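Residue-level structure breakdown
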Amino acid sequence: ITGYPDGYFRPYNNVTRVEAVTMLIRVMGLEERAKEKENAYVDYNTPPDLTWGRGYIIMGVERGMLDKHSLDRFLVSQPATRLEVAALLYHALDLEAGGGSLTFDDAGQIPADYRECVAAMVKNNIMEGLPGNVFGPNDNINRAQMAVLLTRLMDKGFADPYPNRRYNGTLASIDPSGLFLA
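These figures come from a predicted structure and were not determined experimentally.

What counts as what
Residues numbered from 1 in each chain as written. Predicted model: local features only at pLDDT ≥ 70, side-chain atom pairs only at ≥ 80, totals over all residues. Heavy atoms only, no water. Helix = DSSP H or I, 4+ residues; strand = E, 2+ residues; numbered from the N terminus. Buried < 20%, exposed > 50% of the residue type's maximum accessible area, 1.4 Å probe, protein only. Contact = heavy atoms within 4.5 Å. Phe/Tyr/Trp six-rings, centres within 6.5 Å; stacked < 30°, edge-to-face > 60°. Lys NZ or Arg CZ within 6 Å of the ring centre and 35° of its normal. Salt bridge = Lys/Arg side-chain N within 4 Å of Asp/Glu carboxyl O. Axes fitted to C-alpha atoms, helices over the stretch in contact; angles between N-to-C directions. Parallel < 35°, antiparallel > 145°, perpendicular 65-115°, else oblique. Left-handed = near helix turned anticlockwise from the far one by under 90°. Nonpolar A, V, L, I, M, F, W, Y, C, P; charged D, E, K, R; others polar. Core = buried A, V, L, I, M, F, W, Y, C linked by side-chain atoms within 4.5 Å.

We now examine the overall build of the chain. A tally of helices and strands in the chain yields 6 helices and 0 strands. The C-alpha extent of the chain, read off along each of the three principal axes, is 55 × 45 × 30 Å. Counting only residues that meet the buried cut, the chain has 39% of its 182 residues in that class. Restricting the contact set of the chain to residue pairs at least 6 apart, pairs at least 24 apart contribute 72%.

The following block contains the structure:
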């Protein structure tokens, strides 16, 4: 997740739909491919109010996150809901159906077509409920929540934005001069 041009992160700002797709494409290590597709020809219409992120939307279609036949109804500047992000991830990661019943107190608010998406997110510990044992399917997702979600994707091995560039280990010491790490 990048900050704003003025240097602020603004963790409680809502994430728009195009921002959600962009963040997910980035965490999957597909940012360069998305940038290459910014001006690519496609045989479908991209969202009408799209002012940036066309390549990310195209990658979203290619990854199965978005349906090219319904992009005319994908209002990119609208806040993304927790339900929408769960569905985007479910399709992007090509997860198996979650199975089982959802035990959230607001499970009845999750449309039947989306229950497997939410169940898969919960089963894989990618998304959790909110305080009060609710999922909050229609709640907007904010930048702080998205940052947690993206971190979980990387920690659990579902995504790697920089393949072959991540190192795991234990830091043994730090040179106080700041010149060397051991």
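Now for the packing of aromatic side chains. Any aromatic ring pair is given by two values, namely how distant the centres are and how the planes are angled relative to each other. All told, the structure shown has 1 aromatic pair when counted by the stated rule. We note Arg 10 situated over the ring of Tyr 4; from NZ or CZ to the ring centre the distance is 4.8 Å. The aromatic ring of Phe 135 is capped on one face by Arg 82, whose charged end is 4.5 Å from the ring centroid.

The full count for this structure, using the stated rule, is 8 salt bridges. Salt-bridge contacts for Asp 6 lead to Arg 10; the nearest nitrogen and oxygen are separated by 2.5 Å. The shortest N-O distance in the salt bridge between Glu 128 and Arg 152 comes to 3.4 Å. In this pair, Glu 128 sits in the loop between α5 (115-123) and α6 (143-155) while Arg 152 sits in helix α6, placing the two residues 24 residues apart along the sequence. According to the relative accessible area criterion, Arg 152 is partly exposed, its value standing at 22%. Each of Arg 26, Glu 31 and Lys 35 takes part in a single network of salt bridges with overlapping partners.

Okay, the packing of helix α1 (residues 17-27) against helix α3 (residues 54-62) next. Look at α1 against α3: their axes get within 9 Å of each other, and the N-to-C directions meet at 70°. In terms of orientation, α1 and α3 fall into the roughly perpendicular class. The crossing of α1 and α3 is left-handed. On the side of α1, the interface is formed by Val 18, Val 21, Thr 22, Ile 25 and Arg 26, while α3 contributes Tyr 56, Ile 57, Met 59 and Gly 60. Along the lines of polarity and charge, the residues of the contact of α1 with α3 split into 6 nonpolar, 2 polar and 1 charged.

It is characteristic of soluble globular proteins that their nonpolar side chains tend to be buried jointly. With 53 residues, the main nonpolar core has Leu 149 and Leu 153 as its most contacted residues. Only α1, α3, α4 (82-92), α5 and α6 provide two or more residues apiece to this core. No other element matches the 8 residues that α4 contributes to this core.

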